[in-house]
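# Topology and contacts: notes
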There are 2 protein chains.
Amino acid sequence: MRYKAIIAYDGKDFAGFQSQENQRTVQAEIEKVLTRLNSHEPVILQGSGRTDSGVHALAQVIHFDLKGVARDLERLRFALDTQTPEDIAVHSVEQVADDWHARFEPHEKIYEYLLENGRVRSPFKRHYQAFFRYRLDEKPMQEAMARLIGTHDFTGFTASGSSVDDKVRTITRAELIKTGEDSYKFIFRGNGFLYKQVRNMVGTVLKIGNGRMPVEQIDKILESKNRDLAGPTAAAEGLYLREVIYDK
Amino acid sequence: MRYKAIIAYDGKDFAGFQSQENQRTVQAEIEKVLTRLNSHEPVILQGSGRTDSGVHALAQVIHFDLKGVARDLERLRFALDTQTPEDIAVHSVEQVADDWHARFEPHEKIYEYLLENGRVRSPFKRHYQAFFRYRLDEKPMQEAMARLIGTHDFTGFTASGSSVDDKVRTITRAELIKTGEDSYKFIFRGNGFLYKQVRNMVGTVLKIGNGRMPVEQIDKILESKNRDLAGPTAAAEGLYLREVIYDK
């Protein structure tokens, strides 16, 4: 039987979502519990995509197969939620078709990036939002965000060494919200994001907001595909995978 | 010169506020920096009171003396804020009279206790609010909170082994606010709180909210001064020293 689950995790103490030898990962921690629940036969789970080291998820989607009869879904959810470490939460479990696939099923993703722009960094948010001590002007940041919307080759915003060939992606929403006197939320929705793309876009928008880069450079980065023209990669602790939205 | 500072700290990785040998404490971390700023002559700071291991502060007040001429206050604040570890923040520094004392100057304190009462514990809040998985009825909790207001001998709500003789304290505000579908904030204001008093009051109110203790037991605990009649000590991670309010 195949199951789909919606999970949240605090990325702080994980070397990312995907399993890597000798590293603490979200996938490995959940697979340990799934294997116990599967009479100790190994279970490999699939996520909708990876998240990097230190990046959080509010609603990552995974799927996995368990042998035997259909499980009681709330009991399965409770077992996964309480048997995984406390930096992983399991919000829901449902049964899906045997060929349903968290990654290959067409979907869009929403990422959020939380930023504190105050004078004093909150000790309580230091792992849960990024901190930028310097001046930020909202207007050029809003203009820069608007220029990211659309179908573009995002090569200039991905980390070098990425193994994906086709770097054309569509961003349908790029919104900057002032959530408080000293805080911002960046929201990106799209059909896929390249390695470190969101953090590179945020780092570039911050450089523009700080007046050290003109708004038009967004277009130049997209046209030239030149990573060197973009801003630095924004810190991982501000980034959240907010939602995975499957077609229909 | 004497200075007063308002500081915040994430209590998670501290063995409380007050210095203890071979333990990481807020006081010791700040004193290390103050001593550097005082030409390496040791500085002892005074807080408005202690907070226990794991308890947070949004606005703890301290005072300390630095030799030499009056310092530039924003430079002093910035030095303290940036040279202390990132789980301590320094919000303000001002100069005060040489006999001003953070603890002995008459004051009231406000404590807040944050509680999540959901089905799934948020990974992001696990160190910053307490979690209670079981049913809570708001009405009896509100009634219990109201009975705590006033001048009482709070012996029944303090931990045994407390060294304070006079256990009469006045609570001027005890309020329960439903801050979300699954979350509560308890607010207590008073002229002083005994060791573990707030967490014992919260633990008792939760037991009442869960239907395992009648509301009237609050009065019995106050009258009998019997700690065994009260509920368990609520977890440290929900508790915040919110404000220290000095007279005039």
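Numbers given to residues run from 1 along each chain, matching the order in which its sequence is written. Both sets of labels track the order of writing: A upward for chains, 1 upward for ligands. Totals for whole chains, interfaces and linings use every residue, but because this is a predicted model, local features are given only for residues with pLDDT of at least 70 and side-chain atom pairs only at 80 or more, for both listing and counting. Derived side-chain values reflect all non-hydrogen atoms in the structure, with water molecules and hydrogen atoms excluded from consideration.

Our next topic: the interface of chain B and chain A. Accessible area lost when the parts come together is the quantity often used to give the size of an interface. Contacts between chain B and chain A engage 29 residues on the former and 29 residues on the latter. Of the roughly 2,200 Å² buried at the junction of chain B and chain A (both faces included), carbon and sulfur atoms supply 57%. Salt bridge, as used here, is a side-chain nitrogen of Lys or Arg placed within 4 Å of a carboxyl oxygen of Asp or Glu. Our count for the contact surface shared by chain B and chain A stands at six salt bridges. Polar contacts here mean pairs of N or O atoms no more than 3.5 Å apart (in protein, one a potential hydrogen donor and the other a potential acceptor; neighbouring residues in sequence count only if both atoms are side-chain atoms). For the interface between chain B and chain A, the tally reads six residue pairs in polar contact (both at pLDDT 80 or more). Helix and strand labels come from DSSP, where a helix needs a run of H or I of at least four residues and a strand needs a run of E of at least two; each type is numbered from the N terminus. Elements that contribute at least two residues to the side of chain B that touches chain A include exactly strand S1 (2-9), strand S3 (56-65), helix H2 (73-83) and strand S4 (88-96) of chain B. Among the elements that take part in the side of chain B that touches chain A, H2 of chain B stands out by supplying five residues, more than any other. Each residue is assigned to one class: nonpolar for Ala, Val, Leu, Ile, Met, Phe, Trp, Tyr, Cys and Pro, charged for Asp, Glu, Lys and Arg, and polar for all the others, Gly among them. Each residue belonging to the side of chain B that touches chain A can be placed in one class, and the counts come to 13 nonpolar, four polar and twelve charged. The contact rule is simple, with two residues in contact once any of their heavy atoms fall within 4.5 Å. In short, buried area is how much 1.4 Å probe accessible area vanishes from two parts on joining, totalled over both.

A few words now on unusual backbone geometry. In terms of backbone geometry, most residues other than glycine have negative phi values and most peptide bonds are trans. The backbone phi angle of Asn22 of chain A is positive, close to 60°, even though this residue is not glycine. On the secondary structure map, Asn22 of chain A appears in the loop between strand S1 (2-9) and helix H1 (26-37). Positive phi, normally seen in glycine, also occurs at Lys225 of chain B, with a value near 55°. By the element assignment, Lys225 of chain B lies in the loop between helix H5 (217-224) and strand S10 (239-246).

What follows deals with the pairing of strand S3 (residues 56-65) of chain A. All names here are of chain A. Throughout this description, buried means an accessible area under 20% of the type-specific maximum (1.4 Å probe, protein chains only), exposed means over 50%, and partly exposed covers the range between. Most of S3 sits inside the fold, with eight of its ten residues counted as buried. Sheet topology places S1 next to S3; seven bridges connect them, and they run antiparallel. Across the sheet, Lys4 pairs through a bridge with His63, a residue of S3. Two strands pair when backbone bridges link them, and strand S2 (residues 46-47) and S3 are joined in this way by two bridges, in the antiparallel orientation. We treat two strands as partners when DSSP finds at least two bridges between them.

What follows is about the domain arrangement of chain A. All names here are of chain A. Those domain boundaries reflect an automatic or database domain assignment. Segmenting chain A into domains produces domain 1 (2-96) and domain 2 (108-246). The distance between the C-alpha centroids of domain 1 and domain 2 comes to 28 Å. When the two sides are added together, the surface that domain 1 and domain 2 hide from each other amounts to roughly 1,300 Å², 59% of it contributed by carbon and sulfur. Scanning the region where domain 1 abuts domain 2 turns up one salt bridge. Here Asp52 makes a salt bridge to Arg199, at a shortest N to O gap of 3.9 Å. Taken together, the connections running from domain 1 to domain 2 amount to eight residue pairs in polar contact (both at pLDDT 80 or more). When residues in the side of domain 1 that touches domain 2 are grouped by element, the largest group, six residues, is from S3. Looking at the side of domain 1 that touches domain 2 residue by residue, the classes come out as five nonpolar, seven polar and five charged.

Within the element layout of this structure, Val69 of chain B appears in the loop between S3 and H2. Residue class for Val69 of chain B comes out exposed when judged on its relative accessible area of 67%.

All names here are of chain A. UniProt positions are given in the numbering used here, feature names are shortened, and annotations may be inferred rather than shown by experiment. Mapped onto the present numbering, the UniProt feature "binding site: substrate" (unreviewed entry) falls on Tyr111. Within the fold, Tyr111 resides in strand S5 (residues 107-116). Residues contacting Tyr111, with those up to four places away along its chain left out, are Arg50, Thr51, Phe186, Ile187, Phe188, Phe193, Val198, Leu239, Tyr240, Leu241 and Arg242.

As a further point, take the side chain of Ser183 of chain A. Residue and element names in this part refer to chain A. With respect to the helices and strands, the residue Ser183 is situated in strand S9 (residues 183-190). A distance of 2.9 Å separates a polar atom in the side chain of Ser183 from a polar atom in the side chain of Thr179. In this structure the side chain of Ser183 is engaged in a polar contact, spanning 3.2 Å, whose partner is the backbone nitrogen of Gly180. Apart from the residues within four sequence positions on either side, Ser183 is in contact with Leu115, Ile177 and Lys178.

In this section: the UniProt feature "domain: Pseudouridine synthase I TruA alpha/beta" (unreviewed entry) in chain A. UniProt feature "domain: Pseudouridine synthase I TruA alpha/beta" (unreviewed entry): in the numbering of this structure it lies at residues 5-105 and 144-247 of chain A. Segment residues 5-105 of chain A splits into 23% helix and 26% strand. End C-alpha atoms: 14 Å apart.

Attention now moves to the relation of the copies chain B and chain A. A residue counts toward the fit only if its pLDDT is at least 70 in both copies, and the copies are then superposed by least squares on the C-alpha atoms of those residues. Overlay of chain B on chain A (RMSD 0.0 Å): rotation 180°, translation along the axis 0.0 Å. In short, the pair behaves as if placed about a two-fold rotation axis. When the interface residues of chain B are mapped onto chain A, 100% of them are again interface residues, pointing to one common binding face.

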